Amino acid sequence: MSVQLRFAARSDIGAVRKSNQDSGYAGPHLLVLADGMGGAAGGDTASSITVSTLASLDDVHQADDLLPLLRKAVTKAHEELTDLAGRDRSLKGMGTTCIAILRAGNKLGMVHIGDSRAYLLRGESLIQVTKDHTLVQYLLDHGQITPEEAENHPKKNVIMRALGDTEGEVELDESVREAVVGDRWLLCSDGLFGVVSNETIADTLLHCADLEKCANRLIELALAGGAPDNVTVVLADILDDRHLTNSTAPDTAPIIVGAAASRIPGTEERQESGADERNKKRRWPARLAVIIGFLVLAAGALFGGWFWTQSQYYVYEADGNVAIYRGVPQTLGPVELSHLEERSSLAIDDLTETAQRRLREPVTQPSRRDAERFVADLESQFLREQVMDESSPEPTDDSTEQESPPAQSDSGSQPEETSP
């Protein structure tokens, strides 16, 4: 039996964020969702590069090639991100989640890293196919916290695996599944499931037949819940090719949403949110803002220049700890244009060598929120190393491997898998 995908995608900046760091792609053979992190510019760049790299796979392939192709493309994106961060100081610390599904005939190959999710609606049952790669999920799997404690854990958003955050081999969850006619797939960022309950998501997927209306409805539900983060959804229905006519055949023009929409040429951009479009028009390149600010100072508009500097932030060392400064790391004669805003409890000596190298010079951030998120990323790296060290058993003579966060696998009520 031959199958096809009918697909839709939608992304919204949300009610709080100043930029959309999510990116999504939907095409006749490929579905991708990436949720960027590491500051506005870094998050945009990370998710866009990942989606644009994977977009080239949207073509006909053999089933045996699904996972190798996905693995190669994701690794390429990861290497490009780490290389770019090494050359551009403003992008250091960026990373992204990634979920990608590639179809070959009636087989679906899927790779996953991070805390974005894939859900499958089969009949009236909603199945969470992916498992979050977060510190809280790791603690939950090892019995160190209860499900109730996990719901409101202060480190709920600390990610233990992502693309681009650190150099080294990418650790993906991989699977191959049957493309079952009647199934409905949902890929989404945490901007959706962090606000909208699984029960409401399931009810929406079940009762909203039209995919585009369904995507719009899910976005509306997230916005109604406050939408503290960007929210992106990618949807696909599995159709029986034998029952399709010219009038019922799905559109095959790819859809790109979020940050990647303006970065991938030769494809059709649809379903971009009005809020996101307005935000793009408001963006000012950071370098231009710096030049303008110092020109104002040089011209004698001291008050205006000082006001501008105090809207900037950077992360640097203070008394041996990681700290957030307000202002710019410059002086104007005897006047310091920055001051210490907050000193964290994270010691510089506790960071990885890579992170310590980053902080040998100030790491500028466009806002206080972005600076706090950068520090949180450093804390997550430290916590991840600490948890791994504490949970690793003492080596024995017959040990064959070290303990690490459990390999993610699908079990329970999830659909049947076959090995590639």
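Quick summary incoming for the structure in this document. In this text, all values refer to a predicted model and were calculated from it rather than measured experimentally.

### Thoughts on the overall build of the protein chain
Point 1. Helix and strand content of the protein chain: 12 helices and 18 strands.
Point 2. In the protein chain, buried positions account for 52% of the 420 residues.
Point 3. For the protein chain, contacts bridging at least 24 residues in sequence account for 69% of all contacts bridging at least 6.
Point 4. When the accessible surface of the protein chain is split by element, carbon and sulfur atoms take 49% of a total near 20,100 Å².

### Here we look at the nonpolar core
Point 1. Core analysis: the largest hydrophobic core is formed by 33 residues, its most contacted members being V32 and L54.
Point 2. Among the elements of the structure, strand 3 (30-37), helix 1 (40-55), helix 2 (66-87), strand 5 (98-104) and strand 6 (107-113) are those that each provide at least two residues to this core.
Point 3. Sorting elements by how many residues they give to this core places helix 2 first, with 8 residues.
Point 4. Setting aside residues up to four positions removed in sequence, L54 forms contacts with L30, V32, L70, A73, V74, C98 and A100.
Point 5. V3, L31, L33 and A179 belong to the second largest nonpolar core, which has 22 residues in total.

### Side note on the packing of helix 6 (residues 198-207) against helix 7 (residues 211-224)
Point 1. Where helix 6 meets helix 7, the axes come as close as 10 Å, and the angle between the chain directions of the two elements is 155°. Judged by the inter-axis angle, helix 6 sits roughly antiparallel to helix 7. Where helix 6 crosses over helix 7, the two elements pack in a sense that is right-handed. Taking contact as the criterion, the partners of T200, I201, T204 and L205 in helix 6 are, on helix 7, C214, R217, L218 and L221.
Point 2. Here the contact of helix 6 with helix 7 is built from residues that sort into 5 nonpolar, 2 polar and 1 charged.

### A word on helix 2
Point 1. Counted at 1.5 Å a residue, the expected span for helix 2 with its 22 residues is 32 Å, and the 32 Å between its end C-alpha atoms agrees.
Point 2. Looking at helix 2, one finds that the buried residues are L66, L67, L70, A73, V74, A77, H78, L81, T82, L84 and A85. Burial along helix 2 is one-sided: seen end-on, the buried residues are contained in an arc of 165°. Residues of helix 2 that are exposed and angled more than 90 degrees away from the buried face: K72, K76, G86 and R87.

### Considering the side chain of S116
Point 1. Topologically, S116 is positioned in the loop between strand 6 and strand 7 (117-122).
Point 2. Among the polar contacts listed, one links the side chain of S116 to the side chain of T97, at a separation of 2.7 Å.
Point 3. Dropping the residues within four chain positions of it, S116 is found in contact with L33, D35, T97, I99, T130, C188, S189 and F193.

### Considerations on the sheet that holds strand 7
Paired through their backbone hydrogen bonds, the strands of a sheet run either parallel or antiparallel.
Point 1. Within the open sheet, the 5 strands sit side by side as 1-11-10-7-8. Their pairing is antiparallel. Taken across any chain shown, the strands that pair with only one partner, and hence form the sheet edges, are strand 1 (3-12) and strand 8 (125-128). On average, each strand axis in the sheet is tilted by 20° relative to the strand beside it, whichever way the strands run.
Point 2. Set on the sheet, helix 7 makes contact with strand 1, strand 10 (184-188) and strand 11 (231-240); between it and strand 11 the angle comes to about 155°.

### Here we look at the side chain of D370
Point 1. Considering the arrangement of structural elements, one finds D370 in helix 12 (residues 368-391).
Point 2. The side chain of D370 is buried and forms no salt bridge, while R17, the nearest opposite charge, is found at 5.8 Å.
Point 3. Looking at D370, its side chain comes within polar contact range of the side chain of S367, at 2.8 Å.

### Section: the environment of L135
Point 1. For L135, the position within the fold is in helix 3 (residues 135-141).
Point 2. Given a relative accessible area of 5%, L135 falls into the buried group.
Point 3. Distance in space between the C-alpha atoms of L135 and K155 is 7.2 Å, their sequence separation being 20 residues.
Point 4. Residues contacting L135, with those up to four places away along its chain left out, are K155, V158, M160, L383 and V387.

### As for the environment of V16
Point 1. Tracing the backbone through its elements, the reader meets V16 in the loop between strand 1 and strand 2 (22-26).
Point 2. Separated by 214 residues in sequence, V16 and N230 have C-alpha atoms that sit 8.3 Å apart.
Point 3. Contacts of V16, omitting those with residues within four sequence positions, involve A227, P228 and R369.

### A few points about the pattern of salt bridges
Point 1. Applying the stated criterion across every chain yields a total of 18 salt bridges.
Point 2. For K155, the salt bridge goes to E379, with nearest N and O atoms at 3.7 Å. Within this pair, whereas K155 is found in the loop between helix 4 (147-151) and strand 9 (173-178), its partner E379 is found in helix 12, the two being separated by 224 residues in sequence.
Point 3. By relative accessible area, K155 is classed as partly exposed at 28%.
Point 4. With its nearest N and O atoms 3.3 Å apart, the salt bridge here joins D173 to R161. Taken together, the residues D173 in strand 9 and R161 in the loop between helix 4 and strand 9 connect sequence positions 12 residues apart.
Point 5. According to the relative accessible area criterion, D173 is buried, its value standing at 12%.

### Examining unusual backbone geometry
Generally, phi is negative for residues other than glycine and the peptide bonds are trans, each holding for most cases.
Point 1. Even without glycine at this site, A227 takes up a positive phi of about 40°.
Point 2. Within the secondary structure layout, A227 lies in the loop between helix 7 and strand 11.
Point 3. What makes A227 buried here is its relative accessible area of 0%.
Point 4. The backbone of D319 shows a phi angle near 55°, a positive value even though the residue is not glycine.
Point 5. Within the secondary structure, D319 is located in the loop between strand 14 (313-318) and strand 15 (321-332).

### Quick look at the pairing of strand 6
Point 1. Burial analysis of strand 6 places 7 of its 7 residues in the buried class, the great majority of the element.
Point 2. Judged by which residues are buried, strand 6 turns out to be covered on both faces: K107, G109, V111 and I113 on one side and L108, M110 and H112 on the other are all buried.
Point 3. Where strand 5 lies against strand 6, 7 bridges are found, and the strand directions are antiparallel. Bridged to I99 within strand 6 is H112.
Point 4. What sits between strand 5 and strand 6 in their antiparallel hairpin is a turn of 2 residues, with G105 showing a positive phi close to 65°.
Point 5. Direction of pairing for strand 6 relative to strand 9: antiparallel, over a ladder of 6 bridges. Looking at strand 9, one finds that K107 is bridged to E178.

Rules and cut-offs
- Residues numbered from 1 in each chain as written.
- Predicted model: local features only at pLDDT ≥ 70, side-chain atom pairs only at ≥ 80, totals over all residues.
- Heavy atoms only, no water.
- Helix = DSSP H or I, 4+ residues; strand = E, 2+ residues; numbered from the N terminus.
- Buried < 20%, exposed > 50% of the residue type's maximum accessible area, 1.4 Å probe, protein only.
- Contact = heavy atoms within 4.5 Å.
- Areas by Shrake-Rupley, 256 points an atom, 1.4 Å probe, with all protein chains shown as cover.
- Core = buried A, V, L, I, M, F, W, Y, C linked by side-chain atoms within 4.5 Å.
- Axes fitted to C-alpha atoms, helices over the stretch in contact; angles between N-to-C directions.
- Parallel < 35°, antiparallel > 145°, perpendicular 65-115°, else oblique.
- Left-handed = near helix turned anticlockwise from the far one by under 90°.
- Nonpolar A, V, L, I, M, F, W, Y, C, P; charged D, E, K, R; others polar.
- Expected span 1.5 Å × (residues − 1).
- Arc of directions from axis to C-beta.
- Polar contact = N/O pair within 3.5 Å; in protein donor to acceptor, adjacent residues only side chain to side chain.
- Pairing = 2+ DSSP bridges.
- Lys, Arg positive; Asp, Glu negative; His and termini not counted.
- Salt bridge = Lys/Arg side-chain N within 4 Å of Asp/Glu carboxyl O.

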